[in-house]
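Structural features, examined
Spelled out, the chains give:
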Amino acid sequence: MHRTASIETWLGPVRYVSATMLIGLMSCSSVEPEVVPGVSLELARQRAASIAELSYTLDFDITEQLDADIDGHVLIAFDLLDDSKPLQLDFTGGGRIRDVANNGEPTAYRVENEHIVIPAAELSPGRNEISIDFAAGSSSLNRNPDYLYSLFVPDRARTAFPLFDQPDLKATFELTLTVPAEWRALSNASVESVVRNGTRTEYRFRRSDLISPYLFAFVAGEFESVTRERNGRSMTMLHRETDAQMVARNLEAIFHLHAAAIDWLEDYTGIDYPFEKLDFALIPAFQYGGMEHAGAILYRARNLLLDEAPSDTQLLGRASVIAHETAHMWFGNLVTMEWFDDVWLKEVFANFMAAKIVNPSFPDINHELDFLVRHLPAAYSVDRTAGANPIRQPLPNLNEAGQLYGPIIYDKAPIMMRQLETLIGDEPFRDGIREYLRRYAFANASWRDLIDILDAKTNDDLGAWSEVWVNTPGRPTLVRQRETTANGSGENYLIQLDPSGAGRIWPQRFEITAAAGATTRKASISSSTTATPLGELTSSGVERLIFNSDGRGYGLFPADANNLLVWDELGEVEKGAELVNLYENMLAGRGPGASDYFDALLGVAPLETNQLLLGLALGQLTRVYWNLLPSGERQDAAQRLERMLWQLMLEQTDESRRKIWFDAFAGIATSPAEIRSVQDLWSGSTTIEGLPLSENDLIELAQLLAIRLPAQANDIVAAQLARTGNPDNRRKLEFIAPSLSADESVRDNFFDSLAAEPQREVESWVLEALENLHHPLRTAQSEKYLLPSLELLEEIQATGDIFFPSRWLDATLANHRSSSAVATVNDFLAERPRYNAQLRAKILQAADPMFTANAMTEAAGEAARPR
């Protein structure tokens, strides 16, 4: 293995001083920050300027009883540089505080607006030690009957224990967990000792590396443990999967992908893996794909433990999430943003690097196509809407940080970063990244800090470039236009238009492919002005053009449905680019209509063998079928589509492609004979060779069948519960069962129950249930849930994890298209002119498919109504 320089080589012994703290030391404000809920930017700046050498020593006593308190103790030690003001500690559980002492003496603290306030008179310049006994809050500890896990991003550590909950106050953590005797435990640092005492076991962990509080984590419960060594590094995985064959067939790939990611990142960055260890836990129903806690990554189990015959998309998805979370060890954990307005900075590097990391492990995959399919549609899904947000957004208080997450930072930002790398050059870009990591290792930095480093490596004005790409929302519209030149001749230009009317230009480079007969020409276009000459690309004899044919550009590009007629003559990336271009133009009303595009997709999907392209085409086909076709046309198309999907499924010789076609078929089957085919496969009365169905598949099929066969819904769910072996899967199905009921009153009662926070604790289950309630076949009955769902949004934002508000909205709104549903959303926003701006944007983003579908059905001459 190629060894690289360690952090100590660059820095010597690490002592943390944040950039914000240095600014504060130079000009420390005499104004005492107001005590307000959350963590305000003003408070964070004041504390970063006043606190250094921070450490936490934590003890938690955890029982199996879900309603029992978790007793906690924390010792917070730090150097205080300014003792002239009261000290605010963050903790939402003021009523659960049992004792507070400072430097061994009782303190006359007060609890105010989610803070423990220590009087200035009781503080000392220099070293202070605040000791607090408390009952831990459970909302971020994700307690289940026989396991729990912490999830503190972005500011939820303060719901569990008292601390300074801001990213630029990095600290070490020493943790002790006392848990039921048979439980295993994992945290950021390695285990120092394990002591069993009767029915209890104490895990004492070593002191962690220096990390931000949102990266502190622990897992405890009934888990299986597997340890493997790769390239001299030992890694441990915890999991709860009961299917031993599933674990066995995935295990080696999981450890290999982590080791490969570490090797690649050490080589690219020139810095050794920066933390003591790398372990990970696979969590059932985890809220995210993964979370990058330093040395203790958490993953959604199903993303890593794949079923038989996984598709290329699933294999790449697993590799990508592992690469993403491993990249965070350098980008986000070693160097962390100063404030969460730059949270996108850690996410863009994680996704941008992940796209590079997975390449060597998948030599047969077209990775340019994978990047296009993975990022462009998701980024466009926000940037095409009235709620589009910039990559970098203002953040006055950390209690609103969860609203910053979404496809723009995960998908548009990597596209932007690829453009930046192209602008600067691969090697200068990598040199700049290495300098950035060395300079700010175990500290904090901002986007401005990175731009200052990269600006020295190019003659371009990166500040102006960044202003459009990073600080403003939206995408350009590009049109082909012929203009008369001074000598009277005509020339074709590609015109870049700013839909907002502000005259912005998104400087970018991309390819255009032109074909004339058997001759194909690719031209690299640098679009940095309003009009870019197309030259010979539009000369006589050119039969077709594909814009953004390399997938590297960003915007609403011209498209031509005739290009699909020569599908087999197109390259893979060209196919992907044109599918995306055509779909976006259809939604924008400047391309083929929904019916014509549906027919075009029916023509090309059977021709495609590349699984990434097949997934893209079938995904578009399904969305057009359920959401955009007028109801009469959908009914007419149903049997034709069902027969095609079923027949193509049977014709496949590759198991993973057969599964792709079957999943598409099961998702749209509504005809009695086709539903019966699905039911026979679900029940086991029929089997198809080369179509393995896992327990996860059977649970999904049971839900589809319960909705399509309401008279049998209760029996179907009962049968699936009886055959489900994994206890976590069984608990999920028990939870979502009411959402599948044929009895509307049962569904109503279930929806009403979601108003109670405890009923929303397992967010992935809630979202699955909402998708059942709002299935396209049920929107007439579920439209009444729209207004109360919107009314709950502020509470969901305050109590849920970072992606929950947007996913709640997506699951609620995506399948509706009636005029009354549109009016419900518009009236809700109109009646609340002072509604939170970021939540308003989330609503507009989630409602955009509804608005578009309603407009398209009305344009097609159909009276929009609930269906």
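Right above here is the structure, for reference.
Scope of this entry: the structure provided in the associated data block. Within each chain, residues carry numbers counting from 1 in the order of the written sequence. Two thresholds apply to this predicted model, a pLDDT of at least 70 for residue-level local features and 80 or more for giving and counting side-chain atom pairs, whereas whole-chain, interface and lining totals are computed over all residues. Excluded from the side-chain calculation are hydrogens and water; included are all heavy atoms of the structure.

It is worth spelling out the packing of helix α7 (residues 343-357) against helix α9 (residues 407-424) at this point. Here the axes come from fitting lines to C-alpha atoms, over the contacting stretch only for helices, and the angles between their N-to-C directions go from 0 to 180 degrees. Secondary structure follows DSSP: runs of H or I at least 4 residues long count as helices, runs of E at least 2 residues long count as strands, and numbering of each begins at the N terminus. The N-to-C vectors of α7 and α9 enclose an angle of 70°; their axes lie 8 Å apart at closest approach. In terms of orientation, α7 lies roughly perpendicular with respect to α9. In terms of crossing hand, the pair formed by α7 and α9 is right-handed. Listed contacts from α9 to V343, W344, E347, V348, F349, N351, F352 and K356 of α7 are I409, Y410, A413, P414, M416, M417, R418 and E421. For the contact of α7 with α9, a count of residues per class yields 11 nonpolar, 1 polar and 4 charged. For classification purposes, angles smaller than 35 degrees are called roughly parallel, those larger than 145 roughly antiparallel, those between 65 and 115 roughly perpendicular, and all remaining angles oblique. Take the far helix as the reference: if the near one is turned anticlockwise from it by less than a right angle, the crossing is left-handed, and if turned clockwise, right-handed. We call two residues in contact whenever any of their non-hydrogen atoms come within 4.5 Å of each other. Three categories are distinguished: nonpolar for Ala, Val, Leu, Ile, Met, Phe, Trp, Tyr, Cys and Pro, charged for Asp, Glu, Lys and Arg, and polar for the others, with Gly belonging to the last.

Before going further, it helps to examine the pattern of salt bridges. Where charged atoms of side chains with opposite charge meet at close range, the side chains can pair. In the sections that follow, a salt bridge refers to a side-chain nitrogen of Lys or Arg positioned within 4 Å of a carboxyl oxygen of Asp or Glu. All told, the structure shown has 49 salt bridges when counted by the stated rule. Where D146 meets R240, a salt bridge forms, and the shortest distance between an N and an O atom there is 3.0 Å. Of this pair, D146 sits in the loop between β8 (126-135) and β9 (147-149) while R240 is found in the loop between β16 (233-239) and α4 (244-269), placing the two residues 94 residues apart along the sequence. We note that D146, like R240, is buried. Several salt bridges share partner residues, and in doing so they unite D146, R240, D728 and R731 into one network. Accessibility here uses a 1.4 Å probe with only protein chains present; expressed as a share of the type maximum, an area under 20% marks a residue as buried, one over 50% as exposed, and anything in between as partly exposed.

We now examine the pairing of strand β24 (residues 508-516). Strand pairing is defined by DSSP finding a minimum of two bridges between the two strands. Pairing of β24 with strand β25 (residues 519-527), which is carried by 9 bridges, proceeds in the antiparallel orientation. Considered in β25, the bridge of A515 is made with T520. Remark: 2 residues form the turn of the hairpin made by β24 and β25, two consecutive strands paired antiparallel; G517 in that turn has positive phi of roughly 65°. One ladder, built from 4 bridges, connects β24 with strand β27 (residues 544-547); its direction is antiparallel. Residue pairing across strands places I512 opposite F547, the latter belonging to β27.

Here we come to the packing of aromatic side chains. Only Phe, Tyr and Trp rings are paired, with Trp represented by its six-membered ring, and only when their centres lie within 6.5 Å; those with planes under 30 degrees apart are stacked, over 60 edge-to-face, the remainder tilted. This structure, assessed with the given rule, holds 47 aromatic pairs. Seen from their ring centres, Y56 and F173 are 4.9 Å apart, and the 20° between their planes marks the pair as stacked. Residue Y56 is found in strand β1 (residues 51-61), and its partner F173 is found in strand β10 (residues 171-180); the two are separated by 117 residues along the sequence. Across this residue pair, the class does not change: Y56 and F173 are buried. With a centroid separation of 5.8 Å and 70° between ring planes, the pair formed by Y273 and W330 is classed as edge-to-face.

The terminal C-alpha atoms of α4, which comprises 26 residues, lie 38 Å apart, in line with the 38 Å expected from a rise of 1.5 Å per residue. At N250, α4 shows its maximal bend, which comes to roughly 40°. Following α4 by one or two positions, G270 adopts a phi angle in the positive range, close to 75°. One less than the number of residues in a helix, times 1.5 Å, gives the span that helix is expected to have. Two axes are fitted around each residue, one to the seven residues ending there and one to the seven starting there, and the angle between them is reported as the bend at that residue.

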